[in-house]
Amino acid sequence: MTTTSSDVDVVLPCLNEADALPWVLARIPAGWRALVVDNGSTDGSAEVARSLGATVVHEPRRGFGAACHAGLTAATGAIVCFCDCDASLDPSLLVPFVREVRRGEADLVLGRRRPQGRGAWPAHARAGNLVLARMLRRRTGLRLHDLGPLRAARREALLGLGLTDRRSGYPLQMVVRAADAGWRVAEHDVPYLPRTGASKVTGTWRGTWQAVRDMSRVLAEAPATQAPADGRTVR
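These numbers come from a predicted model, not from an experiment.

Draft legend 1. Summary view of the packing of aromatic side chains. If you walk through the whole model with that rule in mind, you get zero aromatic pairs. Stacked on the ring of Y192, the Lys or Arg R113 has its end atom at 5.1 Å from the ring centre.

Draft legend 2. Fine view of the sheet that holds strand β4 (residues 79-82). Here we have seven strands laid out as an open sheet, ordered β3-β2-β1-β4-β6-β5-β7, and mixed in their pairing. Every interior strand has two partners, whereas the edge strands, β3 (55-58) and β7 (185-192), have only one. Here the strands of the sheet are splayed against their neighbours by 20 degrees on average, with no regard to which way each runs. Pairing geometry for strand β2 (residues 33-38) and β3, over four bridges, is parallel. The residue of β3 that forms the bridge with L35 is T55. Sheet strands touched by helix α4 (residues 95-102): β1 (8-14), β4, β5 (108-115), β6 (151-154) and β7. Its angle to β6, the strand with the most contacts, is close to 25 degrees.

Draft legend 3. Spotlight on unusual backbone geometry. Unlike most non-glycine residues, N16 shows phi in positive territory, near 55 degrees. Mapping N16 onto the fold places it in the loop between β1 and α1 (21-25). Overall, the relative accessible area of 30% leaves N16 in the partly exposed class. Of note, the phi angle at A87 is positive, near 70 degrees, even though the residue is not glycine. For A87, the position within the fold is in the loop between β4 and α4. Using a relative accessible area of 8% as the deciding quantity, one classes A87 as buried.

Draft legend 4. Focus on the environment of P223. Within the secondary structure, P223 sits in the segment after α8 (205-219). Under the relative-accessibility criterion, P223 is labelled exposed at 59%. A C-alpha to C-alpha distance of 9.7 Å links P223 and R139, two positions 84 residues apart in sequence. Setting aside its immediate chain neighbours within four residues, P223 contacts R139 and D180.

Draft legend 5. Representation of the confidence of the model for the protein chain. Of all residues in the protein chain, 85% attain a pLDDT of 70 or more, and the chain-wide mean is 88. Overall, residues 231-235 carries pLDDT values under 50, and its contacts beyond four positions in sequence, including any with other chains, amount to nine contacts.

Draft legend 6. Layout of helix α7 (residues 170-180). Counting buried residues in α7 gives 10 out of 11 residues, a clear majority hidden from the surface. Those residues of α7 not exposed but buried are Y170, P171, L172, Q173, M174, V175, V176, R177, A178 and A179. G182 lies just past α7 and shows a positive phi near 80 degrees.

Draft legend 7. Representation of helix α3 (residues 64-74) in the model. The buried fraction of α3 amounts to eight of the 11 residues, a majority that puts the element mostly inside the structure. Of the residues making up α3, those classed as buried are G65, A66, A67, C68, H69, A70, G71 and L72. Residues of α3 that are buried make contact with β1, β2, β3, β4, α6 (155-160) and α7.

Draft legend 8. Representation of the pattern of salt bridges in the model. Under the counting rule described, the total for this entry stands at eight salt bridges. Here R113 ties to D146 by a salt bridge, and the two come within 2.8 Å at their closest N and O atoms. Placement of R113 in strand β5 and of D146 in the loop between α5 (123-140) and β6 is noted, with a sequence separation of 33 residues between them. Under the relative-accessibility criterion, R113 is labelled buried at 12%.

Criteria and thresholds
- Residues numbered from 1 in each chain as written.
- Predicted model: local features only at pLDDT ≥ 70, side-chain atom pairs only at ≥ 80, totals over all residues.
- Heavy atoms only, no water.
- Phe/Tyr/Trp six-rings, centres within 6.5 Å; stacked < 30°, edge-to-face > 60°.
- Lys NZ or Arg CZ within 6 Å of the ring centre and 35° of its normal.
- Pairing = 2+ DSSP bridges.
- Helix = DSSP H or I, 4+ residues; strand = E, 2+ residues; numbered from the N terminus.
- Axes fitted to C-alpha atoms, helices over the stretch in contact; angles between N-to-C directions.
- Contact = heavy atoms within 4.5 Å.
- Buried < 20%, exposed > 50% of the residue type's maximum accessible area, 1.4 Å probe, protein only.
- pLDDT = per-residue confidence, 0-100.
- Salt bridge = Lys/Arg side-chain N within 4 Å of Asp/Glu carboxyl O.

What follows is the structure, encoded as structure tokens:
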């Protein structure tokens, strides 16, 4: 993995992912910068990431959204990508996403997870995702099938969304506020692999439905004034 300056940053929220990091970081496209956001790991994840050439950002406040937003604010590239750090998704799949954003063909590009093999996506996690996708469609009109973490957009536009959720609702809030701002949102199939290690959110029914509750609160928010991806103001 190269650490040269780049206009593309990949935010990798990380909580005890030392075993997965070598696989993930080896697949960061050449010339892009990996930002591993350590969210309180106790297994040496930060040291592993640093030894492999990644930039490490520390976010002591626990929460998936807290880690993602810390990475977004630390990013300097014109385009920011997000990817889980558990080896369930290959960050090299982001290359066409970035190309689409760079060409102005879409403002936000999402990966629709397609499970590969047994155990890649437990039934309870799929059920929760299906419920949320339907709720999102009713709220925004976007005909998306997944709220997966693999995604790409322009950094300044993302900051303009004013994202406030710091838990499991962060990825959904990004999509909802982008839709409210009139962004063009694209979705493409990506292979979804069995993760390395234990899931922090969707490994249990309880964790899954806690995430659903977090996201339901996001969907209940009233549409707010947002900055669209091209910098115009809409109401």
